[in-house]
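Structural overview for review
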Amino acid sequence: MRKLIDIDEATLTKLKVISIFEKTSVKGLIENAVQAYVKNIQSNQFSNLSDEEKEDFGLLMLMQEVDRSEFVSREEIMKILKS
């Protein structure tokens, strides 16, 4: 997905210099910076959650990873939960 952003000239120049030392493109540098920022924010938000909210979030993450092509009946789930 392509998104356009406006960066002032001073910041762009600094990014170009840093990208030379890091041996990467300005685009790659910005992508890495954004990913690090998002990861940091998520980590801070996660640490502020209660234990119950953390469990709910973990369940949500597991539900997103599930293979939706497989189907398990309600009876099978209840049988597993009862044991």
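Refer to the structure above for everything that follows.
Because the structure is predicted, anything quoted here is derived from the model rather than measured.

Of regular secondary structure, the protein chain possesses 4 helices and 0 strands. In sequence order, the secondary structure elements of the protein chain are arranged as α-α-α-α. Seen through its principal axes, the protein chain has C-alpha atoms that stretch 65 × 30 × 25 Å. Out of the 83 residues in the protein chain, the part that is buried amounts to 6%. Accessible area of the protein chain: about 8,200 Å², with a carbon and sulfur share of 57%. Charge separation in the protein chain, taken as the distance between the mean sites of 12 positive and 15 negative side-chain charges, equals 6 Å.

Moving on, we get to a nonpolar patch on the surface. Judged by side-chain polarity, Phe46, Phe57, Leu60 and Met61 come together as a nonpolar surface patch covering roughly 330 Å² of accessible area. Take the nonpolar patch: its biggest share by element is 3 residues, from helix α3 (residues 51-65).

Along the chain, Ile20 falls in helix α1 (residues 9-22). Its relative accessible area of 63% is what places Ile20 among the exposed residues. As a C-alpha pair, Ile20 and Ser47 span 27 residues in sequence and 35 Å in three-dimensional space.

The subject of this paragraph is a negative patch on the surface. Taken together, Asp51, Glu52, Glu53, Glu55 and Asp56 make up a surface patch of like negative charges. Counting through the fold element by element, Asp51 comes out in helix α3.

In total, this model carries 1 aromatic pair according to the counting rule given. On the numbers, 5.8 Å between centres and 55 degrees between planes, the contact of Phe46 with Phe57 is tilted. Pair noted here: Phe46 is in helix α2 (residues 26-47) and Phe57 is in helix α3, with a separation of 11 residues, a long-range link. The partly exposed category is assigned to Phe46, whose relative accessible area is 35%.

Although it is not a glycine, Lys23 sits at a positive phi angle of roughly 55 degrees. Tracing the backbone shows Lys23 in the loop between α1 and α2. According to the relative accessible area criterion, Lys23 is exposed, its value standing at 77%.

Conventions and cut-offs
Residues numbered from 1 in each chain as written. Predicted model: local features only at pLDDT ≥ 70, side-chain atom pairs only at ≥ 80, totals over all residues. Heavy atoms only, no water. Helix = DSSP H or I, 4+ residues; strand = E, 2+ residues; numbered from the N terminus. Buried < 20%, exposed > 50% of the residue type's maximum accessible area, 1.4 Å probe, protein only. Areas by Shrake-Rupley, 256 points an atom, 1.4 Å probe, with all protein chains shown as cover. Lys, Arg positive; Asp, Glu negative; His and termini not counted. Charge placed at Lys NZ, Arg CZ, Asp CG, Glu CD. Patch = residues over 30% accessible without salt bridge, like charges linked within 9 Å, V, L, I, M, F, W, Y side chains within 5 Å. Salt bridge = Lys/Arg side-chain N within 4 Å of Asp/Glu carboxyl O. Phe/Tyr/Trp six-rings, centres within 6.5 Å; stacked < 30°, edge-to-face > 60°.

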